[in-house]
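Secondary and tertiary structure notes
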Amino acid sequence: MPTDISKDDIRALKEGRDGAMAELVNSHTQTLLAVSFAMGFSQADAEELAQETFAAFLSALDRFEGRSQIKTYLVGILYNKAADFRRKSYREESLDKIQDDFEKRFNESGLWSRPPLGPEESVLTGEIKELIAQCAEGLTLSQKTAFFLRESEGESSEDICNILGVSYTNLRVLLYRARIKLRECLEKKWESGKHD
Amino acid sequence: MIKRLMPSCREVSEKVLVGELFNAPLLQRGLLRLHLMLCEHCRRFSRQLEMISKTVEEIARPQLDPRVVKAAKRRILEHLKPK
């Protein structure tokens, strides 16, 4: 995919021209903040991450080879910064239990033995939104990022793979896991709320 | 014949989970739609996943107040300018 930033723009950035930097920051801050919020960062941390992302991009302009869209490239830097930020508390937990629980929902013929429960409204209520937002906190950083980029930003698989540095197969697993975890969590919260 | 070709609930829910419910080849797509029409549980499962997708789209939006974004841009630019 061709890049959306010209060689002239890159030169202007290298020369530190005011207008060039303002253009870069004005065009991409909103996306970087949105991705950071979706990853669960606070407003202050999201802004710091966006700032560090621009600083890292500007300090290594030569590394940007123009093979990807600048947005994809910047979100890739942001993702790595966010992973560093979370490194200490970040652990990719095993999905075995969730996967097992999901498998147990079907009988040998592949029919539901424990059918899905939980909300089925076609219009989102505030309560459901709140429950889903709470459940999203339980996703890992890579799951959250992959899911947000796909569902909200409508990024292509190729771009998301570049941003996260994963293969297409890994991306499918990330999205599968994110969806299964969110749904199972939603059902649990919904059903327990009903019986409180 | 249709019964033999019809995907199972497990297969339908797995297609939903990988986001490939309607990218399947024509015949399979038709059978998946038919299964969803006939199976209340799979329909609920699929609707819940749609609902989750819609919500994820909205999670970041309320925080993106234009004033917040504008102020962030100004601070970021100030920080990036060579001192």
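Here we summarise the structure given alongside this text. (Residues numbered from 1 in each chain as written. Chains lettered and ligands numbered in written order. Predicted model: local features only at pLDDT ≥ 70, side-chain atom pairs only at ≥ 80, totals over all residues. Heavy atoms only, no water.)

Things to note about helix 3 (residues 26-38) of chain B
Residue and element names in this part refer to chain B. The condition that has to hold: Every helix listed is a DSSP run of H or I at least four residues long, and every strand listed is a run of E at least two residues long, numbered separately from the N terminus. A helix is expected to reach a length of 1.5 Å times the quantity of its residues less one. Buried residues are those whose accessible area, probed at 1.4 Å on protein chains only, stays under 20% of the maximum for their type, while exposed residues exceed 50% and partly exposed ones sit between those limits. The directions considered for the arc run from the helix axis to the C-beta atoms.
The end-to-end C-alpha separation of helix 3 is 18 Å, in line with the 18 Å expected for 13 residues at 1.5 Å each. By the burial criterion, the buried members of helix 3 are Leu31, Leu32, His35 and Leu36. One face of helix 3 carries all of its buried residues, which in axial projection span an arc of 140 degrees. For helix 3, exposure combined with an orientation more than 90 degrees from the buried face picks out Leu26, Leu27, Met37 and Leu38.

Brief notes about the packing of helix 7 (residues 141-151) of chain A against helix 8 (residues 157-164) of chain A
All names here are of chain A. To keep it simple, the criterion reads: To define axes, lines are fitted to C-alpha atoms, for helices over the stretch in contact only, and angles between the resulting N-to-C directions are given on a 0 to 180 degree scale. Note on angle classes: values under 35 degrees are labelled roughly parallel, values over 145 roughly antiparallel, values of 65 to 115 roughly perpendicular, and the remainder oblique. Rotating anticlockwise by less than a right angle from the far helix to the near helix defines a left-handed crossing, while the corresponding clockwise rotation defines a right-handed one. Residues are treated as being in contact if the distance between any of their heavy atoms lies within 4.5 Å.
The contact between helix 7 and helix 8 brings their axes to 10 Å, and the two run at 150 degrees. Overall, the two elements helix 7 and helix 8 adopt an arrangement that is roughly antiparallel. The two elements helix 7 and helix 8 cross, and the hand of that crossing is right-handed. Packed against helix 7, whose contacting residues are Ser142, Thr145, Ala146, Leu149 and Arg150, the element helix 8 presents Ser157, Ile160, Ile163 and Leu164 at the interface.

Description of the state of the cysteines
Spelled out, the test is: We call a pair of cysteine sulfur atoms a disulfide whenever their separation is within 2.5 Å.
Inspection of the entire model under this criterion finds one disulfide over all chains. The side chain of Cys135(A) participates in a disulfide bridge whose partner is Cys185(A); the two sulfur atoms lie 2.1 Å from each other. On the S-S bond that ties Cys135(A) to Cys185(A), the torsion sits near -80 degrees, and the link is left-handed. Within this pair, whereas Cys135(A) is found in helix 6 (residues 126-136), its partner Cys185(A) is found in helix 9 (residues 168-195), the two being separated by 50 residues in sequence. Residue Cys185(A) is classed as partly exposed on the basis of its relative accessible area of 21%. The structure places no disulfide on Cys9(B), whose sulfur is separated from the nearest cysteine sulfur, that of Cys42(B), by 3.9 Å. Cysteine Cys42(B) remains unbridged, with the sulfur of Cys39(B) as its closest cysteine sulfur at 3.7 Å.

A word on the interface of chain A and chain B
To keep things clear, this is the line we draw: Two parts placed together each lose some accessible area; with a 1.4 Å probe, that loss summed over both constitutes the buried area. The working definition used for a salt bridge is a side-chain nitrogen of Lys or Arg within 4 Å of a carboxyl oxygen of Asp or Glu. Polar contacts here mean pairs of N or O atoms no more than 3.5 Å apart (in protein, one a potential hydrogen donor and the other a potential acceptor; neighbouring residues in sequence count only if both atoms are side-chain atoms).
In this complex, chain A contributes 53 residues to the contact, which on the side of chain B involves 41 residues. Buried surface at the junction of chain A and chain B, both sides included, amounts to about 4,500 Å², of which 67% is carbon and sulfur. Between Arg10(B) and Glu103(A) there is a salt bridge, and its shortest N-O distance comes to 2.4 Å. On inspection of chain A and its partner chain B, the count reaches 13 residue pairs in polar contact (both at pLDDT 80 or more).

Some points on the packing of aromatic side chains
To keep it simple, the criterion reads: In summary, the pairing rule links any two rings of Phe, Tyr or Trp, Trp by its six-membered ring, whose centres are within 6.5 Å, and it sorts them by plane angle into stacked for under 30 degrees, edge-to-face for over 60 and tilted for everything else.
Applying the stated criterion across every chain yields a total of eight aromatic pairs over all chains. A ring pair is formed by Phe102(A) and Phe106(A), whose centres lie 5.3 Å apart and whose planes are at 80 degrees; its orientation type is edge-to-face. Aromatic pair Trp112(A) and Phe45(B): ring centres 5.5 Å apart, planes at 50 degrees, arrangement tilted. Taken together, the positions of Trp112(A) in the loop between helix 5 (96-103) and helix 6 and Phe45(B) in helix 4 (residues 40-59) put the pair across two chains. Like Phe45(B), Trp112(A) is buried. Ring pairing ties together the aromatic residues Phe102(A), Phe106(A), Trp112(A) and Phe45(B), which thus form one cluster.

Focus: empty space enclosed by the protein
Rules: Cavities and pockets are found on a 1 Å grid laid over the protein atoms alone: a cavity is a set of points where a 1.4 Å probe fits but cannot escape, a pocket is an open set with protein on both sides within 12 Å along at least five of seven lines, and a lining residue has an atom within 4 Å of such a point. Grid points are joined across faces, edges and corners, and a volume is the space filled by probe spheres set on the points. Here the nonpolar group is Ala, Val, Leu, Ile, Met, Phe, Trp, Tyr, Cys and Pro; Asp, Glu, Lys and Arg are the charged ones; every other residue, Gly included, is treated as polar.
This structure, assessed with the given rule, holds one cavity of 30 Å³ or more. By volume, the largest cavity amounts to about 30 Å³. Its residues placed into classes, the lining of the largest cavity shows five nonpolar, one polar and two charged.

These values are about where atoms sit, not about what they do.
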